[in-house]
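# Inside the fold
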Amino acid sequence: MAMNVSDYQGIWVYIEVKDGTVAPVSLELLGAGRALADKRGTELGGVLIGSGVKSLAPTLFAYGADVVYVYDDPIFAHYRTEPYMRALLDCCQKYKPEVLLYGATPTGKDLASAIATDLPTGLTADTTILDIEEDTGLLLASRPAFGGNIMATILCKKYRPQMATVRPKVMKALRPDPERTGRIVEEQIELHEEEMRTKVLEVVRETVKKARIDEAEIIVAGGKGMGSKEGFQLIHELANVLGAAVGASRDAVEAGWISHDHQVGQTGVTVTPKIYFAIGISGAIQHIVGMQNSELIIAINKDPNAPIFQSCHYGIVGDALEIVPLLIERLKEEMPKRRASVDVKEGVRHA
Ligand SMILES: Cc1cc2nc3c(=O)[nH]c(=O)nc-3n(C[C@H](O)[C@H](O)[C@H](O)COP(=O)(O)OP(=O)(O)OC[C@H]3O[C@@H](n4cnc5c(N)ncnc54)[C@H](O)[C@@H]3O)c2cc1C
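Residues numbered from 1 in each chain as written. Predicted model: local features only at pLDDT ≥ 70, side-chain atom pairs only at ≥ 80, totals over all residues. Heavy atoms only, no water.

### Points about helix α3 (residues 81-95)
With 15 residues, α3 should reach 21 Å at 1.5 Å per residue; the first-to-last C-alpha distance of 21 Å fits that figure. Of the positions making up α3, those classed as buried are Glu82, Pro83, Tyr84, Met85, Ala87, Leu88, Leu89, Asp90, Cys91 and Cys92. On its buried face, α3 sits against β1 (11-15), β4 (44-50), β5 (67-72), β6 (99-103), α4 (106-118) and β12 (183-187). Looking one or two places after α3, you find Lys96, whose phi comes out positive at around 50°. (Helix = DSSP H or I, 4+ residues; strand = E, 2+ residues; numbered from the N terminus. Expected span 1.5 Å × (residues − 1). Buried < 20%, exposed > 50% of the residue type's maximum accessible area, 1.4 Å probe, protein only. Contact = heavy atoms within 4.5 Å.)

The structure is reproduced here in structure tokens:
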């Protein structure tokens, strides 16, 4: 069924709320949405669904929203697809946005795909670049495809709203301006708890010790070439002397030598440290896309034809099981000296 696209106006962001606060990705999307709305000469809207959430509207104005649509009801106390989808559908049908953006989080992805099939309209998942054509209002949603080798720009020409989920930490939130205000539109829909197919019985919070390789300045990553779990211990030891985080290829993870949160690459984490050691890693494209923007890449591999040597700044051809222990030994001597000299300089600076 064709729709009249000119009936649709405004750039919207679905506002995700966690523990009574706005999720950072939603603030980032307001920043990105503001630029799109200005280019298109239209309003930036936020859709706020939850229980006791109306008080968050001023925060959204401060971060760039012009109008905030609020569905505030105890039935929205915890995220569930059904009631949230019904509220958001109601809002889209009533106010007809041109663009609707979501964070690519578990909640955003779930809600966006439910809305896309129900409306129906197009959805681009995991976008990293957004732009809009000023005159036509066509959203240009770009994302890496084929293992990051190409960027695909995806358009939704005939259906509205044009929807995209956007990766967290890619867009920039604006500096909040507490003086900015806007319109609050309060909405309600009739929903009955007994008609809901899902009930939240309990929310379990688990503290997971994350590897946090995405924030490390130095990463020592090991691959299948370390030979065994014992061999992989050398990676931990080298990381230890350097004060570095430990990364791994998927094959090392699949061998059970280290947990998945250390995996670098297409199906792992993307990292950009100052120094990246790739040790016993062949350099498959799926690994390279996760570390190629590191400032300095040092590879150790016994195969001089390993593809990793195409992507490194320094390469050592040799057996990692021999080279890494030598490196550790040497660094154990050097690192304390370097630290001491830094301490002296710091001392002078602070004196
Ligand atoms: C859809 C998809 C997604 C994927 N996602 C990821 C991802 O996120 N991350 C990822 O890493 N992979 C990913 N892969 C897998 C990827 O294609 C490779 O299979 C993987 O990266 C290979 O890991 P590796 O380099 O440790 O092992 P191998 O390819 O087996 O390489 C081991 C290397 O170690 C060298 N070596 C052996 N012994 C020694 C020694 N003693 N000293 C020095 N060097 C030695 C060998 O010469 C070889 O180059 C994905 C694959 C697919 C299809």
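Resuming the write-up.
### Notes on the packing of α3 against α4
Put simply, α3 and α4 touch, their axes get as near as 10 Å, and they point 55° apart. Of the possible angle classes, the one that applies to α3 and α4 is oblique. When the axes of α3 and α4 are compared, the crossing they make is right-handed. Each of Thr81, Tyr84, Met85, Leu88 and Leu89 in α3 lies in contact with α4, whose residues at this interface are Asp110, Leu111, Ala114, Ile115 and Asp118. Looking at the contact of α3 with α4 residue by residue, the classes come out as seven nonpolar, one polar and two charged. (Axes fitted to C-alpha atoms, helices over the stretch in contact; angles between N-to-C directions. Parallel < 35°, antiparallel > 145°, perpendicular 65-115°, else oblique. Left-handed = near helix turned anticlockwise from the far one by under 90°. Nonpolar A, V, L, I, M, F, W, Y, C, P; charged D, E, K, R; others polar.)

### Side note on the domain arrangement of the protein chain
How large an interface is tends to be reported as the accessible area lost when its parts come together. Considered domain by domain, the protein chain is made up of domain 1 (7-195) and domain 2 (218-348). The straight-line distance from the C-alpha centre of domain 1 to that of domain 2 is 39 Å. (Domains from an automatic or database assignment.)

### Quick word on the confidence of the model for the protein chain
Averaged over every residue, the pLDDT of the protein chain is 92; residues scoring 70 or more account for 94%. With pLDDT under 50 throughout, residues 347-351 is counted as low confidence; its partners more than four residues away or in other chains account for zero contacts. (pLDDT = per-residue confidence, 0-100.)

### Remarks on unusual backbone geometry
Residues Leu119 and Pro120 are joined by a peptide bond in cis, for which omega reads -15°. With an omega of -5°, the peptide bond running from Arg160 to Pro161 counts as cis. Located in the positive-phi region is Asp19, a residue other than glycine, with phi close to 50°. Here Asp19 is to be found in the loop between β2 (17-18) and β3 (21-22). By relative accessible area, which is 61% here, Asp19 ends up exposed. A positive phi angle, near 50°, is found at Lys96, a position not held by glycine. Tracing the backbone through its elements, the reader meets Lys96 in the loop between α3 and β6.

### Focus on the site of the ligand
With respect to spatial proximity, 24 residues lie near the ligand, and among them Lys224, Ser249, Thr267, Ser282 and Asn301 are the closest. Here a nitrogen atom of the ligand sits 3.3 Å away from a polar atom, N or O, in the main chain of Gly225. Side-chain polar atom of Asp251 to an oxygen atom of the ligand: 3.4 Å apart, as the coordinates give it. Surface burial for the ligand is 76%, taken as the share of its 990 Å² of free accessible area covered by protein chains. When contributions to the shell around the ligand are tallied by element, the ones reaching two or more residues are α6 (250-254) and α7 (285-288). Residue composition of the shell around the ligand, grouped by class: four nonpolar, 14 polar and six charged. (Near = heavy atom within 4 Å. Polar contact = N/O pair within 3.5 Å; in protein donor to acceptor, adjacent residues only side chain to side chain. Areas by Shrake-Rupley, 256 points an atom, 1.4 Å probe, with all protein chains shown as cover.)

### Topic: the pattern of salt bridges
Close approach of charged atoms allows side chains with opposite charge to pair. Taken as a whole, this structure holds 20 salt bridges when the rule is applied. A salt bridge links Asp90 to Lys94, with the nearest nitrogen and oxygen atoms 3.5 Å apart. Here Asp90 and its partner Lys94 are both found in helix α3, four residues apart, which amounts to about one turn of the helix. The class of Lys94 is partly exposed, set by a relative accessible area of 43%. Linking Glu215 and Arg212 is a salt bridge whose minimum nitrogen-to-oxygen distance equals 3.4 Å. A relative accessible area of 54% means that Glu215 is categorised as exposed. (Salt bridge = Lys/Arg side-chain N within 4 Å of Asp/Glu carboxyl O.)

### Notes on the packing of aromatic side chains
This model, assessed by the stated rule, comprises six aromatic pairs. Note on Phe76 and Tyr84: the rings are 5.6 Å apart at their centroids and 85° apart in plane angle, and the pair reads as edge-to-face. This pair shows no difference in class: Phe76 is buried, exactly as Tyr84 is. Members of the aromatic cluster, connected to one another through ring pairs, are Trp12, Tyr69 and Tyr95. (Phe/Tyr/Trp six-rings, centres within 6.5 Å; stacked < 30°, edge-to-face > 60°.)

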